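# Results of the structural survey
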Amino acid sequence: MTSANQIHNALYLAFQRVQWAELRNSVPLTLNETDLANLRGINEKISLTEVTDIYLPLSRLLNLIVGAKQQRGLTLNQFLGHTPPKRPYIISIAGSVAVGKSTTARILQALLRQWPEHPQVDLITTDGFLYPLSELKRRGLLQRKGFPESYDMKLLIEFITQIKSGDASVNAPLYSHITYDRIPHQYQVINQPDILILEGLNVLQTGQDSTFDTKRPFLSDFVDFSVYVDSSKSLLKQWYVERFLQFRKGAFANPKSYFHHYSHLSDEESVQIASNIWDSINGPNLQLNIEPTRDRAHLILQKGPDHLMDQVLLRK
Ligand SMILES: Nc1ncnc2c1ncn2[C@@H]1O[C@H](COP(=O)(O)OP(=O)(O)OP(=O)(O)O)[C@@H](O)[C@H]1O
Ligand SMILES: CC(C)(CO)[C@@H](O)C(=O)NCCC(=O)O
């Protein structure tokens, strides 16, 4: 009998933290003080050593992989004798709520932009494709936010089809964590970037359940390279609760915030409420719908305590 471990070893090359960090020596790019200050602006909790030791080699790997695809495009054009429109290279980033998908995506965006072969790197999150709050209410899905059925997959597939066709000025809907809802009449315009990073918990899902139209293509059919950010369940819950406490002091204090009523809670009450939301919504969603997609990724980033990278797994 072939064990799950054997299958994993056959599919992935595994790099422990130290091995991966050594690859930094083969990265020609360095970061200057301004670059580092910009990265600080993304999230002041990010360790800059982590950026240079872990994410810089990662940006080099992606730079090489994107380069290979660009080369293939040129070869194909030569064969076909025409020049098709510029089509963005699409990188997806999946993982649990609170694992750090958006932070990872923003670090990679900042680093990938530094490479002269692909200066224009755009980033969008699938949060904007959640149904508006009124629609979620209508469908009785308020307690299922983030579950597959809470996303307008038709809209998301339409969006990615336009991007992949090389269309100019494609609108992506925007989401606000303050109002907990889609922002009406406001869009992010995607205009033929070199790379588009698509971040969200559902990007590796195939929708092989009754809630989806089985004839519809999968999002992953449009994605060139997929990343899954992984960590242990206990750390994920801890990061979720910590972020909730942080929000209570920041975003929730805004009277427009959907969670404004939480801003007056004590620490103890907040921890209780965040734990309940985790145990009833985000934890089960991770278990049922997100974690099962992990081994479809081309690259798995495994984070340990303090968001430090433990291991990098790369599809052979
Ligand atoms: N590399 C990092 N170093 C330190 N803290 C981090 C790092 N990445 C993420 N965090 C922290 O972890 C929490 C979750 O991060 P982030 O908001 O990026 O997660 P997410 O996966 O995008 O979440 P969601 O799905 O809810 O949008 C935040 O409090 C963030 O500050
Ligand atoms: C918007 C999502 C679904 C994904 O980012 C998530 O942050 C969320 O709101 N989940 C629902 C439960 C909660 O409030 O955490």
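Position numbers for residues count from 1 along each chain, tracking the sequence in the order it is written. All chains are assigned letters beginning with A, and all ligands numbers beginning with 1, in the order in which they are written. The model is predicted, so local features are restricted to residues of pLDDT at least 70 and side-chain atom pairs to those at 80 or more, both for listing and for counting; the totals for chains, interfaces and linings are taken over all residues.

Going by what an unreviewed UniProt entry lists, the protein chain is known as Pantothenate kinase and is assigned to Shewanella surugensis. Per UniProt, the protein chain carries the Pathway (unreviewed entry) text "Cofactor biosynthesis; coenzyme A biosynthesis; CoA from (R)-pantothenate: step 1/5." UniProt positions are given in the numbering used here, feature names are shortened, and annotations may be inferred rather than shown by experiment.

### Things to note about the pairing of strand β3 (residues 121-125)
Counting buried positions over the five residues of β3 gives five, a clear majority of the element. Put plainly, a residue is buried at 20 or more neighbouring C-beta atoms within 10 Å of its own, exposed at 12 or fewer, and partly exposed in between, counting only other residues' C-beta atoms, which are placed from the backbone. Only DSSP runs of H or I covering at least 4 residues are called helices, and only runs of E covering at least 2 are called strands; the numbering of each starts at the N terminus. Alternating positions in β3 separate into two faces, Val121, Leu123 and Thr125 on one and Asp122 and Ile124 on the other, with burial throughout. Think of it this way: DSSP has to see at least two bridges between two strands before they count as a pair. Direction of pairing for β3 relative to strand β6 (residues 195-199): parallel, over a ladder of five bridges. Each residue of the ladder has a partner; that of Leu123, found in β6, is Ile197.

### Some remarks on unusual backbone geometry
Although it is not a glycine, Tyr180 adopts a positive phi angle of roughly 65°. Mapped onto the fold, Tyr180 is located in the loop between β4 (170-176) and β5 (181-190). Judged by the 15 C-beta atoms lying within 10 Å of it, Tyr180 is partly exposed. Positive phi, close to 45°, is recorded for Gln192, a residue that is not glycine. Position of Gln192 relative to the elements: it lies in the loop between β5 and β6. For Gln192, a count of 17 C-beta atoms within 10 Å corresponds to the partly exposed category.

### Some points on the site of ligand 1
The criterion for a residue being near a molecule or strand is a backbone-placed C-beta atom within 6 Å of that molecule or strand. Not every one of the 15 residues close to ligand 1 is listed here, only the nearest: Gly100, Lys101, Ser102, Thr103 and His307. Those elements giving two or more residues to the shell around ligand 1 turn out to be α5 (101-112) and α8 (233-249). A per-class count over the shell around ligand 1 returns six nonpolar, six polar and three charged. Residue polarity is assigned by list, with Asp, Glu, Lys and Arg as charged and Ala, Val, Leu, Ile, Met, Phe, Trp, Tyr, Cys and Pro as nonpolar; anything else, Gly included, falls into the polar class.

### A word on the site of ligand 2
Taken together, Val97, Asp127, Lys145, Gly146, Leu201, Ile277, Ile281 and Asn282 make up the full set of residues near ligand 2. For the shell around ligand 2, the per-class residue count stands at four nonpolar, two polar and two charged.

### Observations concerning the pairing of β6
The element β6 is largely enclosed, with a buried count of five among its five residues. Of the two faces of β6, the one carrying Ile195, Ile197 and Glu199 and the one carrying Leu196 and Leu198 are both buried. As judged from the five bridges shared by strand β2 (residues 89-95) and β6, these two strands associate in the parallel manner. When the sheet's bridge partners are listed, Ile91 is paired in β6 with Ile197.

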